[in-house]
Amino acid sequence: MSLTTPFEKLSPKDFETCWRSPSNIAFVKYWGKKGHQIPANPSLSMTLKECFTETKVAFKKSDALSVELFLEGNREDRFAGKVKAYLESLITDIPWLNNLSLVINTKNTFPHGTGIASSASGMSAFALCLTDYLHSLTGEEQGDLFFKRASHLSRLASGSACRSVYGGFTTWGESDLPESSDKYATPFSVHPDLAHLKDSVLVISGVEKTVSSRSGHGRMNEHAFAEARFLQAKKDFNLMVSALKSGDVELMGNILENEALSLHAMMMTSPESYMLIRPNTLAAMEMIWAFRRETGLPLYFTLDAGPNLHLIYPEVFQHKIKTFISHELSPLTQKIIEDERGEGPVKC
Ligand code: 2P0
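Predicted, not measured: the structure shown is a model, and the values here were computed from it. (Residues numbered from 1 in each chain as written. Predicted model: local features only at pLDDT ≥ 70, side-chain atom pairs only at ≥ 80, totals over all residues. Heavy atoms only, no water.)

Enquirer: Got a minute to help me understand the domain arrangement of the chain in this structure?
Expert: Note: interface size is frequently given as the accessible area lost on complex formation between the parts. Each assigned domain of the chain is listed here: domain 1 (5-189) and domain 2 (193-340). Once you take the C-alpha centre of each, domain 1 and domain 2 turn out to be 25 Å apart. Domain 1 puts 39 residues into the contact, and the matching count from domain 2 is 45 residues. Surface buried jointly by domain 1 and domain 2 totals about 3300 Å² across both partners, of which 66% is contributed by carbon and sulfur atoms. Interface area lost by domain 1 to domain 2 is led by Phe27, Lys29 and Trp31, which between them contribute 27%. Run the count over domain 1 and domain 2 and you get one salt bridge. The closest approach of N and O atoms between Lys49 and Glu340, which form a salt bridge, is 3.6 Å. (Domains from an automatic or database assignment. Contact = heavy atoms within 4.5 Å. Buried area = accessible area lost by both parts, 1.4 Å probe. Salt bridge = Lys/Arg side-chain N within 4 Å of Asp/Glu carboxyl O.)

Here you go:
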């Protein structure tokens, strides 16, 4: 699939659109890249429902590229700069992007620094608006190709964003699955027993992380364990696929936790080491293990690039598990965000 054909030869016109796109939580982690936004291993994620970004973009013809961005009504020049740099990176392929001025109004349903990936929802919402704009110039439908293009454009803005373009479960990166690609994500269907998973996010700390994910990916280049990690991730990916397909919640949960701990082990052992988990993250993990030993209930955790835990469990067990979370775990947290598997982006 060419990303730019047939767009490179068109000319801009004025257009407005708005998309809501959710965040996602990786079950098998993307951590390390080859070349330009190509993942070192395949990853697999669940798209969330309640945590999303809503982005409205007004495209106007102009003499030079300019981007103004308002987050919850406040002008944000830093984010505007990121979007502008992203569009500049596409100009070689679509030269007339240089003749656009953009006004972007965006808002998140979740607060910044809560362990929910705002780059995944934010960049996919913007890429969906851009794809909508490109398709408005050709009159093409919003079919499979639309979402493939949106995922491809999302990936170039932020890797994990390419997985948010589809609801349910999504994979990204070359694997044994049919139609897998390093360039865009693909939706993935799971066993009915695992189709309705909950995600209770324990916000342990809302402090902004000290090392960006971009820098974390970069540190994998010189990492002593990089090759072993990429092999482990490929193996975990295949095991996770088989667990989700067969409805094996125990296998799913074991891989989920091992992936989270491996991701953070990579951070701790990278050439310039750093640690994002906090004492309360560890305390909560120990309590989850004890709860599982005592009750046999399938409650598992994962971590994004931060100290906050995502607690994953099947909806059918939510009553007992939510009681445990609110009685035992909530004292360790600043707050808890309740989310679950969602259906993917919508045009607003
Ligand atoms: C993931 N993360 O698979 C992993 C797990 C965080 C931990 O992808 O450089 O913001 O923009 O492509 O996607 C976070 O990295 O990195 C991430 P870029 P991104 O979700």
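Enquirer: Teacher, can you tell me more about the packing of aromatic side chains here?
Expert: Aromatic ring pairs are described here by two measures, namely the spacing of the ring centres and the angle between the planes. Scanning the entire structure with this criterion turns up twelve aromatic pairs. With a centroid separation of 5.7 Å and an interplanar angle of 80°, the aromatic rings of Phe27 and Phe169 are classed as edge-to-face. With a gap of 142 residues between them, Phe27 in strand E1 (residues 15-28) and Phe169 in strand E8 (residues 169-172) connect regions that are remote in the sequence. We note that Phe27, like Phe169, is buried. Between Phe146 and Phe147, the ring centres sit 5.0 Å apart and the planes meet at 80°, which makes this aromatic pair edge-to-face. Judged by relative accessible area, which is 19%, Phe147 ranks as buried. Ring pairing ties together the aromatic residues Phe15, Phe59, Trp96 and Tyr133, which thus form one cluster. Seen from the ring of Phe188, Lys245 lies directly overhead, with NZ or CZ sitting 4.5 Å from the centre. (Phe/Tyr/Trp six-rings, centres within 6.5 Å; stacked < 30°, edge-to-face > 60°. Helix = DSSP H or I, 4+ residues; strand = E, 2+ residues; numbered from the N terminus. Buried < 20%, exposed > 50% of the residue type's maximum accessible area, 1.4 Å probe, protein only. Lys NZ or Arg CZ within 6 Å of the ring centre and 35° of its normal.)

Enquirer: Any chance you could explain the nonpolar core here in plain terms?
Expert: The tendency in soluble globular proteins is for nonpolar side chains to be buried side by side. In this structure, Leu87, Leu102, Phe126 and Leu130 are the most contacted members of the largest nonpolar core, which totals 39 residues. Of all elements in the fold, only E1, strand E4 (43-61), strand E5 (66-71), helix H1 (77-90), strand E7 (100-108), helix H2 (118-138) and helix H3 (144-157) reach the threshold of two or more residues within this core. Considering each element in turn, this core owes the most residues, nine residues, to H2. Discounting chain neighbours no more than four positions away, the residues touching Leu102 are Val57, Ala58, Phe59, Leu65, Ser66, Val67, Glu68, Leu87 and Phe126. Ile25, Phe110, Met240 and Leu256 belong to the second-largest nonpolar core, a separate cluster that totals 28 residues. (Core = buried A, V, L, I, M, F, W, Y, C linked by side-chain atoms within 4.5 Å.)

Enquirer: Looking at this structure, I do not really get the pairing of E7. What am I missing?
Expert: The side chains of a regular strand alternate between the sheet's two faces. Relative to E7, E4 is paired through nine bridges, and the arrangement is antiparallel. Its bridge partner being in E7, Ala58 is matched across the sheet by Val103. Examined bridge by bridge, E5 and E7 share six bridges and lie parallel to one another. Bridged to Val67 within E7 is Leu102. (Pairing = 2+ DSSP bridges.)

Enquirer: Could you clarify how one ought to interpret the site of the ligand in this entry?
Expert: Near the ligand lie 17 residues; those nearest to it are Lys33, Ser158, Gly159, Ser160 and Arg163. Here an oxygen atom of the ligand sits 3.3 Å away from a polar atom, N or O, in the side chain of Ser119. At 2.7 Å from an oxygen atom of the ligand is found a main-chain nitrogen or oxygen belonging to Gly159. Protein burial of the ligand: of its 470 Å² of free accessible surface, 94% is covered by the chains. Looking at the shell around the ligand element by element, the count peaks at three residues for helix H4 (residues 213-219). The residue inventory of the shell around the ligand, partitioned by class, reads five nonpolar, seven polar and five charged. Residue contributions to the shell around the ligand reach at least three from each of two domains, namely domain 1 (5-189) and domain 2 (193-340). (Near = heavy atom within 4 Å. Polar contact = N/O pair within 3.5 Å; in protein donor to acceptor, adjacent residues only side chain to side chain. Areas by Shrake-Rupley, 256 points an atom, 1.4 Å probe, with all protein chains shown as cover. Nonpolar A, V, L, I, M, F, W, Y, C, P; charged D, E, K, R; others polar.)

Enquirer: Honestly, unusual backbone geometry in this entry has me stumped. Any pointers?
Expert: Note: most residues except glycine have negative phi, and most peptide bonds are trans. For Gln37, which is not glycine, the phi torsion reads 60° and is therefore positive. With respect to the helices, strands and loops of the structure, Gln37 is situated in the loop between strand E2 (33-34) and strand E3 (38-39). Positive phi, close to 50°, is recorded for Glu72, a residue that is not glycine. Along the chain, Glu72 turns up in the loop between E5 and strand E6 (74-75).

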